[in-house]
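Read off the chains here:
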Amino acid sequence: MQTPTSSLESAKAILGITSFRSYQEDIINQVLMGNHSLVIMPTGMGKSICYQIPALVLEGMTIVISPLIALMYDQVAALRNKGIDATFINSSLSKEERNSRYESVAVNKYKILYVTPERFRSSKFLDVLSNVRISLLAIDEAHCISQWGHDFRPDYSRMREIRGILKNPTTIALTATATKRIQDDIIFELGLHSEQMKIYHGGIARQNLYLHVESFVEETIKWNAILNLLQSSPPGPKVIYFNLIDKLEKFSEFLISNTTKHHIYHGKLSPHERNKIQRNFLTQKDGILLATNAFGMGIDKSDIRMVIHAELPLSIESYYQEIGRAGRDGVNAKCYLFYTESDLAVLLDFIEWQNPDPHFIKRVYETLVFAGDSLRSIDYKDLQAKVVHKNRGDHRLQTVLNLFDRYGVTSGDIELNSLRVRGILPKELTLKETWDEKKQNSLKRLYEMLMYIKSNNCRRLFLYDYFGETFHECSHCDICSNQI
């Protein structure tokens, strides 16, 4: 095992850090003193340094919990290039590769280990950790912990249990966005009290980002506006976000018909295709990428010059995270939100799909149980026909299958004919009050998004108010620019 570095300065040298930004140094010292921290810092401001440096200084191993397999690849590769013993264990590995890394963890080979929260379901993994000293637990994308967050993941809600399994190590939780309610929920779900966890809020200021919102009466006019913007803009990497894969593919055909080169990235592509497209885009100094929100979290590309939302985002949090991927090098970048009123109907459908009622959840479970051994011969379309009566526009089934996987109700993948029922239906998935409250929360976030796009006041002022920040100045949005 790589021995800990003797000092903060030597750790900085290994990682190539010459100076700290924002609250980085204070956060690092807080962690080294064994104190818990919640770090809210804009994308690109160096959150990972806040746990990587302490990981090198402290005895024992640091576990980093992340929902992002792509991020694990990139960060581990970067750390290993600097001579740091780091690795990841996730579902992308073969059984033989996982077992090999388990053995290496057991003999204390690594200083930093990246895992998804789902890894803590594995009894073998827990056995391996039982004799390993964990000095630090870092939780990336910590907003996923909160049921009130825009990207809640059930396995993240086990953080209190996971901290107990790891013997309650010093904990640092990190995210780019968190309202006061979400901050409080993160601390509670970690099993801590507010006085036990110091909050470092780096603000949401990204003055180099120009913010622009524009409405259109119909989609064809909107698409032509995006095309004109792409053709008139200077070179530089650009990302265009869509909510629906179908819309993304149709817009791709539109660009092809207008001889505009681009790439596409969405969840229906194979992992190999996604990785290839992502790595090509990361190395390009120009290029257009059409993407769903499957692209972006943890992507380390500093020179994206433009982010365009071609459809209305579902929440202020997701919108802010996605525009935060532009201009991370500090150079000016532009962020456009183009929408039509019909986008709202799509988002309302999204909320229905993301919040299936308990009766539907029970129906899916009972259908899977009734299928028994024949489940291996049923594909997604077959199951869809059984539970939603061939309505292909109803995507509640995918939400339920994701929930079943995350709660351990099922294992395997229906597309690989390996789906199996392995547990009972948890009570928390069938409580009507819980789903009603979650749905109302989603509707509230959508309402806030509508207030943002309809506001006649400064874009930044609205965002600062939403996240509970103190507003300073703007002059770099469509509202303020028109007033100069």
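Calculation rules
Residues numbered from 1 in each chain as written. Predicted model: local features only at pLDDT ≥ 70, side-chain atom pairs only at ≥ 80, totals over all residues. Heavy atoms only, no water. Helix = DSSP H or I, 4+ residues; strand = E, 2+ residues; numbered from the N terminus. Buried < 20%, exposed > 50% of the residue type's maximum accessible area, 1.4 Å probe, protein only. Axes fitted to C-alpha atoms, helices over the stretch in contact; angles between N-to-C directions. Parallel < 35°, antiparallel > 145°, perpendicular 65-115°, else oblique. Contact = heavy atoms within 4.5 Å. Nonpolar A, V, L, I, M, F, W, Y, C, P; charged D, E, K, R; others polar. Expected span 1.5 Å × (residues − 1). Left-handed = near helix turned anticlockwise from the far one by under 90°. Phe/Tyr/Trp six-rings, centres within 6.5 Å; stacked < 30°, edge-to-face > 60°. Lys NZ or Arg CZ within 6 Å of the ring centre and 35° of its normal. Pairing = 2+ DSSP bridges.

A. Here's a closer look at the environment of Cys 458. Summarising the element assignment, Cys 458 is placed in the loop between helix H17 (432–454) and helix H18 (459–466). On the accessibility criterion, Cys 458 (10% relative accessible area) is buried. For the pair Cys 458 and Thr 367, spaced 91 residues apart in the sequence, the C-alpha separation amounts to 51 Å.

B. The packing of helix H14 (residues 358–371) against helix H16 (residues 396–406), seen in detail. Between H14 and H16, whose axes approach to 10 Å, the crossing angle comes to 70°. Between H14 and H16, the interaxial angle falls into the category roughly perpendicular. Between H14 and H16, the residues in contact are Phe 360, Ile 361, Arg 363, Val 364, Tyr 365 and Leu 368 and Arg 396, Leu 397, Val 400, Leu 401 and Phe 404, respectively. Considered class by class, the residues forming the contact of H14 with H16 number nine nonpolar, no polar and two charged.

C. Spotlight on helix H10 (residues 245–257). Here H10 is 13 residues long and its end C-alpha atoms lie 18 Å apart, about the 18 Å a rise of 1.5 Å per residue gives. Taken together, the buried positions of H10 are occupied by Ile 245, Lys 247, Leu 248, Phe 251, Ser 252, Phe 254 and Leu 255. For H10, the elements touching its buried residues are helix H9 (219–232), strand S9 (238–241), strand S10 (263–265) and strand S11 (288–291). Count one or two residues on from H10 and you reach Thr 259, which has phi positive near 45°.

D. Representation of the packing of helix H12 (residues 316–323) against H18. It is the contact of H12 with H18, at a shortest axis distance of 11 Å, that shows an interaxial angle of 120°. Here H18 runs oblique to H12, going by the angle between their axes. Crossing hand, H12 versus H18: left-handed. In contact with Ile 316, Glu 317 and Tyr 320 of H12, H18 contributes Phe 462, Leu 463 and Tyr 466. Residue composition of the contact of H12 with H18, grouped by class: five nonpolar, no polar and one charged.

E. Local environment of unusual backbone geometry. A positive phi is found at Glu 141, a non-glycine position, where the angle reads about 50°. Of note, Glu 141 is situated in the loop between strand S5 (134–139) and helix H7 (159–165). Judged by relative accessible area, Glu 141 falls into the buried class, the value being 10%. The residue Asn 417 is not glycine, and still its phi comes out positive at about 55°.

F. Layout of the packing of aromatic side chains. Tallying each qualifying case throughout the model produces 17 aromatic pairs. Measuring from ring centre to ring centre gives 6.1 Å for Tyr 210 and Tyr 336, while their planes differ by 65°; the resulting arrangement is edge-to-face. Pair noted here: Tyr 210 is in strand S8 (residues 209–216) and Tyr 336 is in strand S13 (residues 333–340), with a separation of 126 residues, a long-range link. Take Tyr 210 and Tyr 336: they sit in the same class, and that class is buried. When the ring of Trp 223 is compared with that of Phe 251, the centres are 5.3 Å apart and the planes differ by 80°; the resulting orientation is edge-to-face. Here Trp 223 is found in helix H9, whereas its partner Phe 251 is found in helix H10, with 28 residues between them in sequence. Across the pair, Phe 251 and Trp 223 agree in class, each one buried. Connected via pairs of aromatic rings, a cluster forms that spans Tyr 210, Phe 216, Tyr 336 and Phe 338. For Lys 301, the ring lying beneath its charged end belongs to Phe 281, and the centroid distance is 5.4 Å.

G. Inspection of the sheet that holds strand S3 (residues 86–89) at higher detail. With parallel pairing, the seven strands of this open sheet are ordered in space as S3-S4-S2-S5-S6-S1-S7. Only two strands of the sheet have a single neighbouring strand rather than two, namely S3 and strand S7 (197–201). Each neighbouring strand pair of the sheet contributes to a mean axis angle of 20°, computed without reference to strand direction. The pairing of strand S2 (residues 61–65) with strand S4 (residues 112–115) spans four bridges and is classified as parallel. The partner of Ile 65 across the bridge, within S4, is Val 115.

H. Spatial organisation of helix H3 (residues 49–57). Across the nine residues that make up H3, a large majority, eight, are buried. The complete set of buried residues in H3 reads Ile 49, Cys 50, Tyr 51, Gln 52, Ile 53, Pro 54, Ala 55 and Leu 56.

I. Broad picture of the side chain of Thr 87. As for its placement among the helices and strands, Thr 87 is situated in strand S3. A residue is classified by how much of its surface remains accessible, and Thr 87, at 5% relative accessible area, is buried. Contact partners of Thr 87, with chain neighbours within four places excluded, come to Val 76, Arg 101, Tyr 110, Ile 112, Leu 113 and Tyr 114.

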